[in-house]
Amino acid sequence: MPAPLEDVADALRRMMDLLLRVDDDPALGHITSELHAVSDLLEAEFDDERPFDKMLHSDAPRHDPVSGVENAIAPPIVVEVDSDGTAHAEVDFGLPYQGPKGLLHGGISALFLDHVLSLANSNNRSGVDNGFLVTAQLSLRYHKPVPLFERATVSARQTSIDGRKVRAAGEISVGGEVAVSAEGLFIATRIRPADVPGDKGGA
Ligand SMILES: CCCCCCCC/C=C\CCCCCCCC(=O)SCCNC(=O)CCNC(=O)[C@H](O)C(C)(C)COP(=O)(O)OP(=O)(O)OC[C@H]1O[C@@H](n2cnc3c(N)ncnc32)[C@H](O)[C@@H]1OP(=O)(O)O
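From a predicted model like this one, the values you see are computed outputs, not experimental measurements.

(A) View of the packing of aromatic side chains. Evaluation of the coordinates by the stated rule reveals three aromatic pairs. Ring geometry for Phe93 against Phe112: centres 4.9 Å apart, planes inclined by 80°, an arrangement best described as edge-to-face. With a gap of 19 residues between them, Phe93 in the loop between strand E2 (87–92) and helix H4 (106–122) and Phe112 in helix H4 connect regions that are remote in the sequence. Accessibility assignment for this pair places Phe93 and Phe112 in one class, buried. Pairing Tyr97 with Phe112 gives two aromatic rings, centres 6.3 Å apart and planes at 80°, and the pair type is edge-to-face. Taken together, the positions of Tyr97 in the loop between E2 and H4 and Phe112 in helix H4 put the pair 15 residues apart, joining distant regions of the chain. A residue is classified by how much of its surface remains accessible, and Tyr97, at 9% relative accessible area, is buried. Put simply, the rings of Phe93, Tyr97 and Phe112 touch in pairs and so form one group of aromatic residues.

What follows is the structure, given as structure tokens:
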């Protein structure tokens, strides 16, 4: 059963989508006041320390803009990692991700590929120094536009490990055809999860 924070994020996703469908309307003034009233309620509960702490210490990502179930910016996608190390997720991109009319914004493609390439690396870290694996380089090729409202598959696999340097490649495909392909270099930071107080090594 979804947790309350997931429910709220879902409600916010619905609203963001609707806001991109309405035109100027007299009701918008009232909606703006209502939203500020809700934000005032949230602000009263705000705990300055919580978001960063939660991201660092949770076992599953809940706040990131791709898979984060508590982040309304995220669709969110569910990434599965197969036994052969291939990471993949399915997603129907909607209006909040639009760039050219009816098409996915290219920066959003980069975001989703970065994320799924990262998860393809999280499965196999043998021989990699035990730091956080961060993106050092991401190279993209946009072959075809990605249409909104159609099922897209984002997939990635690790291609090599060389000391602290790990490489992965992946693509966004629609209807079985590659629309965007990516190659990424990820480097294990010198800072290790064990150096961060209270960290469980989740990210
Ligand atoms: C269903 C499965 C569930 C699993 C759940 C798992 C939990 C997941 C949790 C959560 C979700 C994940 C969310 C994904 C997030 C996506 C990834 C990001 O967004 S990461 C953030 C963006 N990236 C940065 O902020 C990096 C910023 N840069 C740096 O910190 C440094 O520059 C760093 C660490 C990359 C390198 O710095 P140095 O000082 O440690 O590196 P030096 O020692 O100089 O270099 C090492 C080697 O790498 C090369 N190198 C360094 N930087 C390079 C670069 N940019 N390009 C090419 N080569 C580079 C060097 O030439 C050197 O090579 P030679 O060993 O000599 O051969």
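From this point on, the discussion continues.
(B) Representation of unusual backbone geometry within the structure. Geometrically, the link from Pro75 to Pro76 is a cis peptide bond, its omega value of -15° lying close to zero. If you trace the backbone, Pro76 turns up in the loop between helix H3 (50–57) and strand E1 (80–81). The backbone of Phe149 sits at a positive phi, close to 65°, despite the residue not being glycine. Mapped onto the elements, Phe149 comes out in the loop between strand E3 (133–142) and strand E4 (151–162). Take Phe149: its relative accessible area is 51%, and that puts it in the exposed class.

Reading the values: rules and limits
- Residues numbered from 1 in each chain as written.
- Predicted model: local features only at pLDDT ≥ 70, side-chain atom pairs only at ≥ 80, totals over all residues.
- Heavy atoms only, no water.
- Phe/Tyr/Trp six-rings, centres within 6.5 Å; stacked < 30°, edge-to-face > 60°.
- Helix = DSSP H or I, 4+ residues; strand = E, 2+ residues; numbered from the N terminus.
- Buried < 20%, exposed > 50% of the residue type's maximum accessible area, 1.4 Å probe, protein only.

So, to be careful, I would describe these as geometric facts and stop short of saying anything about function.
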